[in-house]
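Analysis of the macromolecular model
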Amino acid sequence: MATDPVCGMFVDERTAELRLVRENRTYYFCSSRCLQEFSQPEAELRRLRRRLAIAWPLTIAVVFLTYARPFPLWPWVALPLAGVVQFYPGFQFYQSTRDALRGRIWNMDLLIAVGTTTAFAYSLGALFVPGRGPAGFYFDASAAIVTLILTGNYLEHLTRERARGALRRLQEVLPSSAVRIQDGGEVEVPVNELREGDRIRARPGARFPVDGRIEEGRTSVNESLITGESLPVIKAPGDLVIAGSVNGDGQVIVVATRVGADTTLAEIGRLVAEAETSRVPLQQLADRIASAFVPLVLALALLSGVVWYLLGAGFTIAILAFVSVVVIACPCAFGIATPAAIVVGTGRGAEEGVLFKGRDSLERASRIDVVLTDKTGTLTRGALALTDVVPAPGIGENELLALAAAVERGSEHPVARAVADGARGRGCVVPEARLVRADPGRGVRGTVGGAEISVEGGGAALEAPLDLSFFRTTIDGFEAGGKGWSVVLRESKVLGLLGFSDEVAPGVAEAVRTLEEDGISVVMATGDREAPARSVARTVGISEVHASLSPAAKLDLLRSLQSRGQRVAYVGDGINDAPALAAADLGMAIGAGTDVAKEAGGVILVRSDFRGVALALRLGRRTVEKVRGNLSWAIGYNAVLLPVAAGALVPALGLRTFQVLPIAAAFAMAISSTTVVLNSLSLRSVRLDA
């Protein structure tokens, strides 16, 4: 059976009349009120405000009349006031009861309608047919119950809307129009008219309306809403941009690659929206309780009323016992225990570029003991960086680097890019090089200032008859630290060495510490050599390293850990690590970027930041803790207060307890569901330093 995404009650898809299709997903509802709150939350909030603006003043007046009794005919004044509350603000409970009976569903509003109608009808009978039964007017109880429960609905609605804030921010960022280049000119068109392959001009400060690839221009892009990355990212022709991200100070032309429902933003929205109806295995017991809860409460209410009547307490006390039990019950606390926590947890993750895929990924994340991680592109940046410039005597560092950059300029080789970036970063003036040519298996050479300059890889340099005795200690250090290196030559004379490494990504050491603090061990499994693997492991604080592993060997290692009873999360790039990602207890694809929908992992880390691993696992644990707490509250609340409503305190406090129980029951029931949502909302504070 399906569940109502608002109140969590069971709905039979075969007989349900109230349904809504959104983004190819069908939602089922137990009542029109739940449908309206889900489909038009702002309008439902306005309706609640209007009803409460009428209900509260009238209820206060009715309560004053009931207890002050300022004149003999006060019940005739209380009747129309309570009647307005019962049948205008409270009319929604009758509508929901009608919907529930049509759909053969037992929902919470049915209990409220039965309880308040009983109190109101009893008071009406006592007023119009005096002397036929025990005297007593409980217009205050019927009005206060309606008003307090509507107030609880309003507070719960506010907290739900706050919980859904992350999803709403994602949905609202896209511009309504875009500038499309066509027929030699530019035309502003609605975003929903854009198609794949369209060329779009993005002006400075505007949000990109589609996923696309930059065709012309350079700019910086703020992707913080999508990836959580706070610093702008430099973009050049060929680079991808994501719908919803903000263009910086450059004007660029983008070719659309994904539009509308296919964009990364839309996929993130779907993943977060699916969380609202996610039900972890913890919820199964609560679901069974909730499905039988309403008929059981009605039976208990009827039984308590009959018992008190048979004990001689009188018809009035029997009615009050019935109303108290019916009103105090809270099946919604069971229904929303899981969705309330999961929607906040997944929303918090989405804000940091951490996406949970699948209905059980959060719970699987909560059980992880070991993180098995790749090295390149996961713990490291995945690109070579220049780390050392070691000149020979008489040569300056910038001179050495400028000569190397002159012959490497224009090449797409990783070493060439590292040299060019290093020279640019140091502000080197790079001279022109002529007759540049690749030397396969060795490096590159060219002519600078009339002299031949060559850059050769370390392996080729060791095989050549070069005098490297001055640099022997440096070379040994490179080899021990797992660094790559090249030698720069002028007319076959050694000018110096350049050292390279795949630098450790920012935040990795912090993430490893956080994981260990949370009781999760980190193991490196890489296809790289032992020396560079050990070097990275020392830097980030990982003690267990497995190097030179093929994809099959990584899979064997993962299964070996699992065979020892450990629950393993595997972190990889989602390409050559696909077998391990699929076999792990939880696959975590890092650096997914715009390929969110294609990744196989249960957790998708949109940006290449290992801190997302620690945050995802911490969110998983905290979310499941909140689900357990919510379920404990729901069970404890009903287990304690249902007997109280039935009269468990009467032996100690006397029958007068029933004079206040209906209103106290309404207050308790009103705050019950709100408490569950507020408890879940505390997940928004989860971060790595907390």
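Residues numbered from 1 in each chain as written. Predicted model: local features only at pLDDT ≥ 70, side-chain atom pairs only at ≥ 80, totals over all residues. Heavy atoms only, no water.

Notably, aspartate 183 is not glycine yet its phi reads approximately 50 degrees, a positive angle. Structurally, aspartate 183 is set in the loop between strand 5 (177–182) and strand 6 (185–190). The phi torsion at glutamate 491 lies on the positive side, around 50 degrees, for a residue other than glycine. Of note, glutamate 491 is situated in the loop between strand 20 (484–490) and strand 21 (493–504). (Helix = DSSP H or I, 4+ residues; strand = E, 2+ residues; numbered from the N terminus.)

What follows is about the packing of aromatic side chains. Under the defined criterion, the tally for this structure stands at 14 aromatic pairs. Measuring from ring centre to ring centre gives 5.5 Å for phenylalanine 87 and phenylalanine 120, while their planes differ by 90 degrees; the resulting arrangement is edge-to-face. Placement of phenylalanine 87 in helix 3 (residues 74–87) and of phenylalanine 120 in helix 5 (residues 108–128) is noted, with a sequence separation of 33 residues between them. An angle of 90 degrees between the planes, with centres 5.0 Å apart, marks the rings of phenylalanine 470 and phenylalanine 471 as edge-to-face. (Phe/Tyr/Trp six-rings, centres within 6.5 Å; stacked < 30°, edge-to-face > 60°.)

Okay, the packing of helix 2 (residues 41–68) against helix 3 next. As a packed pair, helix 2 and helix 3 sit with axes 9 Å apart at the nearest point and diverge in direction by 155 degrees. Viewed along their axes, helix 2 and helix 3 adopt a mutual orientation that is roughly antiparallel. Read as a crossing pair, helix 2 and helix 3 show a hand that is left-handed. Where helix 2 abuts helix 3, its residues Ile54, Ala55, Leu58, Thr59, Ala61, Val62, Leu65 and Thr66 lie against Trp74, Val77, Ala78, Leu81, Ala82, Val84 and Val85. Here the contact of helix 2 with helix 3 is composed, by residue class, of 13 nonpolar, two polar and no charged. (Axes fitted to C-alpha atoms, helices over the stretch in contact; angles between N-to-C directions. Parallel < 35°, antiparallel > 145°, perpendicular 65-115°, else oblique. Left-handed = near helix turned anticlockwise from the far one by under 90°. Contact = heavy atoms within 4.5 Å. Nonpolar A, V, L, I, M, F, W, Y, C, P; charged D, E, K, R; others polar.)

This part is about a nonpolar patch on the surface. On the surface, Phe71, Leu73, Trp76, Val77, Phe128 and Val129 cluster together into a nonpolar patch covering about 560 Å² of accessible area. On the secondary structure map, valine 77 appears in helix 3. (Patch = residues over 30% accessible without salt bridge, like charges linked within 9 Å, V, L, I, M, F, W, Y side chains within 5 Å. Areas by Shrake-Rupley, 256 points an atom, 1.4 Å probe, with all protein chains shown as cover. Salt bridge = Lys/Arg side-chain N within 4 Å of Asp/Glu carboxyl O.)

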